[in-house]
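Chain residues, written in single-letter form:
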Amino acid sequence: MLDFFTIFSKGGIVLWCFQGTSQIFTPSINSLIKSVILQERTGNNSFNHEALTLKYKLDNEFELVFVVAYQKILQLSYVDKFLTDIQLEFRNKYKDDLRQGKICSNYSFDHDFQRILREREAESKKEAQTAKTMRTFEQSQKSKKTVASMIENKKEEKAAKGKENKPIKTNSQVKEPEKNNSTTASVLTSNGELDEETIRKNREKLFAKIVKPKVESKPSPEATTNKKKVKVAAKSSNAKITTKDMAALDFSRKNGADMDSTQNQEIADEKLMSSEEFACVGQMRGGLRDIEPESDSDDDVQEEEIINTKTTDKRSGSTKKTRAGGMFSMFRNLVGSKTLTKEDMQSVLEKMKDHIIAKNVAADIAQKLCDSVATKLEGKVLGTFSSVTSTVKNTLNESCVQILSPRRRVDILRDAMEAKQHNRPYNIVFCGVNGVGKSTNLAKICFWLVENGFRVLIAACDTFRAGAVEQLRTHTRKLNVLHPAEKHNGQQMVQLYEKGYGKDAAGIAMEAIRYAQDTHIDIVLIDTAGRMQDNEPLMKALAKLINVNNPDLVLFVGEALVGNEAVDQLTKFNQALADNSNMTNPRLIDGIILTKFDTIDDKVGAAISMTYTTGQPIVFVGTGQTYTDLRNLNAKAVVHALLRA
């Protein structure tokens, strides 16, 4: 029933191989290596490729990989146990050669493989023939629960919730008890009740609290000046329009500037531009800069605080404890030449998982990362002075850097230059949910491209949001002021292609690409409407735009503030593009733009979640509001911020 089995080293040398059919399995094994092993996704030991299911097991002591392949339609329950038995048998038989590094020696393992395979298949048939017996109550999970844990006390839960939601009163909010209450309460009758005089005084106090004298509030002078304007009656279309009405409705003539002429419009735009924006010109030529890693000043401050606490402890008389702790802390968690197991790493991995979840990594992604680290380290022999915590942290660091490192580099400048040589425009589509900054980051990328000498056409395909076209029109005017045509041989560097609102976005994009082809514009940036991942009609419209125009690059714009939502957004965007495509290999998201990165401090987990979900690189990172606030992702800096305490 097994189609293929292979044992190879992590360096790529095949030690032994079994092939049950004439099918070529090289693409499946290569896909497993590229998509799973190299991308640190080894938490789950199963991988599907076309009609095959591949299961694998890592031997971290000898750096070996055991892979078995069989048809996806088969349900083989013995495969996991069979993989473990083959691993143990191969290790025990050739452990001397493996320790000496004799990888290229002759491994005759056919007889042992067939024997173990027959044993596992016989056990599987025997288990299938025997009737399944029901579990006893003692074997079930319910027997381990106590009666008290199964009783729900709703009153206590409500009281606990009420206490959590109730604000804590400070000393300033607590009212002091009135002195008169003690005197009135002390006057009691012989029956233990208050006398009539005390009751009358208490009633007078109660009425005095309820009925308060009304204070006449005089209207402030600001309130009188800011009174609502009286509504003016609307005039019908047949009514005559006077010169006074025309002057009131003409908003373009202000401060003596005639905004109808393009020359005066450019002058007004120049007045609106600040000197800082003009100083940005020429700063983004060539490739983008990486994100600067944060300094370790916080770590130094923490170390200083620890030293200060130790000195204060010494002054308070606890010198023995601190000295003993300092002496034996260096031997804490040390494992001398011991093979790591999952039990050894469980507590450390749980702390690591909670730490990266607090840094905004999605919960399921954090779990998969920790499972991958456990699989990678299980069976590895530690050195004499290697601690479990440092080993797990270093491995998690390497895994995160590997995830953030792109499998393929997206070089827009090179690809745009190549497209220009073939006399066609280079097309980029920007998509994402509402309010993440698609238009703003499109303008930043446009400024970067213009700085590198490319002519850009912005296609206003957001025909849904009010003000979307006007926003792009403003960016176009500002970019043309920063890079006027006089400095570029009379050529206008940025143009806007718009058709208003309510039109078909796919048709506008097609016309914009055709216009760029005719006018020899180098790059087309296609802005799309923001849409939630659950909005089916808008997702179909996006898939139509991509299928009809077949852009060179599809970029997903996402916020760095999101956690679990990032996985849901990217998964459903990719799924919608695949479901609504009529091609065998549908166009999916090619890269990610991570916006608002300057607002998250060290909560950088969204970068890990997005890259792990799609396997696509983060092409740009937005770090501010100006045109120059665009960076490349520095994987090591992001991982350093992620794992920093």
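Refer to the structure printed above.
Report on the accompanying structure. (Residues numbered from 1 in each chain as written. Predicted model: local features only at pLDDT ≥ 70, side-chain atom pairs only at ≥ 80, totals over all residues. Heavy atoms only, no water.)

**What about the sheet that holds strand β5 (residues 64-71)?**
What the 5 strands build is an open sheet, ordered β2-β1-β5-β4-β3; its pairing is antiparallel. Each end of this open sheet is capped by a strand with a single partner; those strands are β2 (14-19) and β3 (46-49). Shown here is a sheet whose adjacent strand axes are inclined to one another by a mean of 20°, direction ignored. Relative to β5, strand β1 (residues 4-9) runs antiparallel, the two being bridged by 6 bridges. The residue of β5 that forms the bridge with F5 is V68. Contacts from helix α1 (residues 26-37) reach β1, β3, β4 (52-59) and β5 within the one sheet, and its direction differs from that of β3 by about 130°. (Pairing = 2+ DSSP bridges. Helix = DSSP H or I, 4+ residues; strand = E, 2+ residues; numbered from the N terminus. Axes fitted to C-alpha atoms, helices over the stretch in contact; angles between N-to-C directions. Contact = heavy atoms within 4.5 Å.)

**Things to note about the packing of aromatic side chains**
Here the structure, examined in full by the defined rule, presents 17 aromatic pairs. Ring plane angle 40° and centroid distance 4.8 Å describe the contact between F18 and F113, whose orientation is recorded as tilted. Remark: F113 occurs in helix α3 (residues 110-129) and F18 occurs in strand β2; sequence separation between them is 95 residues. Like F113, F18 is buried. Relative to Y94, the ring of F90 has its centre 5.1 Å away and its plane inclined at 50°; by these criteria the two rings are tilted. Residue F90 and its partner Y94 are both found in helix α2 (residues 79-99); the two are separated by 4 residues, about one turn of the helix. F90 sits in the buried class, given a relative accessible area of 0%. In this structure an aromatic cluster arises from ring pairing among F5, W16, F18, F66, F82, F90, Y94, Y107, F109 and F113. (Phe/Tyr/Trp six-rings, centres within 6.5 Å; stacked < 30°, edge-to-face > 60°. Buried < 20%, exposed > 50% of the residue type's maximum accessible area, 1.4 Å probe, protein only.)

**Points about the side chain of D522**
With respect to the helices and strands, the residue D522 is situated in the loop between α20 (505-519) and β11 (523-527). Classification of D522 by relative accessible area gives buried; the value is 7%. Within the local environment of D522, its side chain forms a polar contact with the backbone nitrogen of R455, the two atoms lying 2.9 Å apart. Once you skip the residues sitting within four places of it in the chain, D522 turns out to touch K420, R424, P425, Y426, G453, F454 and R455. (Polar contact = N/O pair within 3.5 Å; in protein donor to acceptor, adjacent residues only side chain to side chain.)

**Looking at the packing of helix α14 (residues 342-358) against helix α15 (residues 363-377)**
The geometry of α14 relative to α15 is characterised by a closest axis approach of 9 Å and an angle of 150° between their N-to-C directions. Relative to α15, the element α14 is oriented roughly antiparallel. When you trace α14 past α15, the crossing you get is right-handed. Of the residues in α15, those in contact with M345, L349, K353, I356 and I357 of α14 are A363, A366, Q367, L369, C370, V373, A374 and L377. Here the contact of α14 with α15 is composed, by residue class, of 11 nonpolar, 1 polar and 1 charged. (Parallel < 35°, antiparallel > 145°, perpendicular 65-115°, else oblique. Left-handed = near helix turned anticlockwise from the far one by under 90°. Nonpolar A, V, L, I, M, F, W, Y, C, P; charged D, E, K, R; others polar.)

**Thoughts on unusual backbone geometry**
For N360, which is not a glycine, the phi torsion comes out positive at approximately 85°. Tracing the sequence through the fold places N360 in the loop between α14 and α15. At H520, a residue that is not glycine, the phi angle is positive and equals roughly 60°. Along the chain, the position of H520 falls in the loop between α20 and β11.

**So, the nonpolar core**
Counting residues in hydrophobic clusters, the biggest one holds 115 residues, and the most contacted among them are I412, L449 and F620. For this core, the element with the most residues is helix α18 (residues 438-451), which contributes 8 residues. Excluding anything up to four places from it in sequence, F620 contacts L288, I412, I445, W448, L555, I592, I593, L594, L630 and R631. (Core = buried A, V, L, I, M, F, W, Y, C linked by side-chain atoms within 4.5 Å.)

**Looking at empty space enclosed by the protein**
Over the atoms, a rolled probe matching the size of one water molecule traces out where space is still vacant. Inspection of every chain in the model, using the stated rule, returns 1 cavity of 30 Å³ or more. As a volume, the largest cavity reaches approximately 40 Å³. Lining the largest cavity are Q39, I403, L404, S405, P406, R407, T611, G615, Q616 and P617. For the lining of the largest cavity, the residue count by class is 4 nonpolar, 5 polar and 1 charged. (1 Å grid on protein atoms, 1.4 Å probe; cavity = no way out; pocket = protein on both sides within 12 Å on 5 of 7 lines; lining within 4 Å. Points joined across faces, edges and corners; volume = space filled by probe spheres on them.)

**Observations concerning the pattern of salt bridges**
Evaluated as defined, the whole model comprises 24 salt bridges. When the shortest N-O distance is used, the salt bridge between E61 and R91 registers 3.0 Å. Residue E61 is located in the loop between β4 and β5, and its partner R91 is located in helix α2; the two are separated by 30 residues in the primary sequence. E61 sits in the partly exposed class, given a relative accessible area of 27%. Salt-bridge contacts for D112 lead to R115; the nearest nitrogen and oxygen are separated by 3.7 Å. (Salt bridge = Lys/Arg side-chain N within 4 Å of Asp/Glu carboxyl O.)

**As for the sheet that holds strand β14 (residues 618-622)**
Within the open sheet, the 8 strands sit side by side as β10-β9-β11-β8-β12-β13-β14-β15. Their pairing is mixed. Where the open sheet ends on each side, the last strands, each with one partner, are β10 (494-497) and β15 (630-631). Bridging between strand β13 (residues 591-595) and β14 involves 3 bridges; their strand directions are parallel. Opposite I592, over in β14, you have I618 as the bridge partner. Its contacts with the sheet put helix α19 (residues 468-482) on β9 (456-460), β10 and β11, and the angle it makes with β10 is roughly 165°. With respect to the sheet, helix α23 (residues 605-614) is in contact with β12 (553-559), β13 and β14, its orientation differing from that of β13 by roughly 165°.

**A word on the packing of α15 against α23**
One can describe the packing of α15 onto α23 by two numbers: an axis separation of 10 Å at closest approach and a directional angle of 75°. By the angle class used here, α15 and α23 are roughly perpendicular. Across from I365, K368 and L369 in α15, the residues of α23 making contact are I608, S609, Y612 and T613. Residue classes in the contact of α15 with α23 are distributed as 4 nonpolar, 2 polar and 1 charged.

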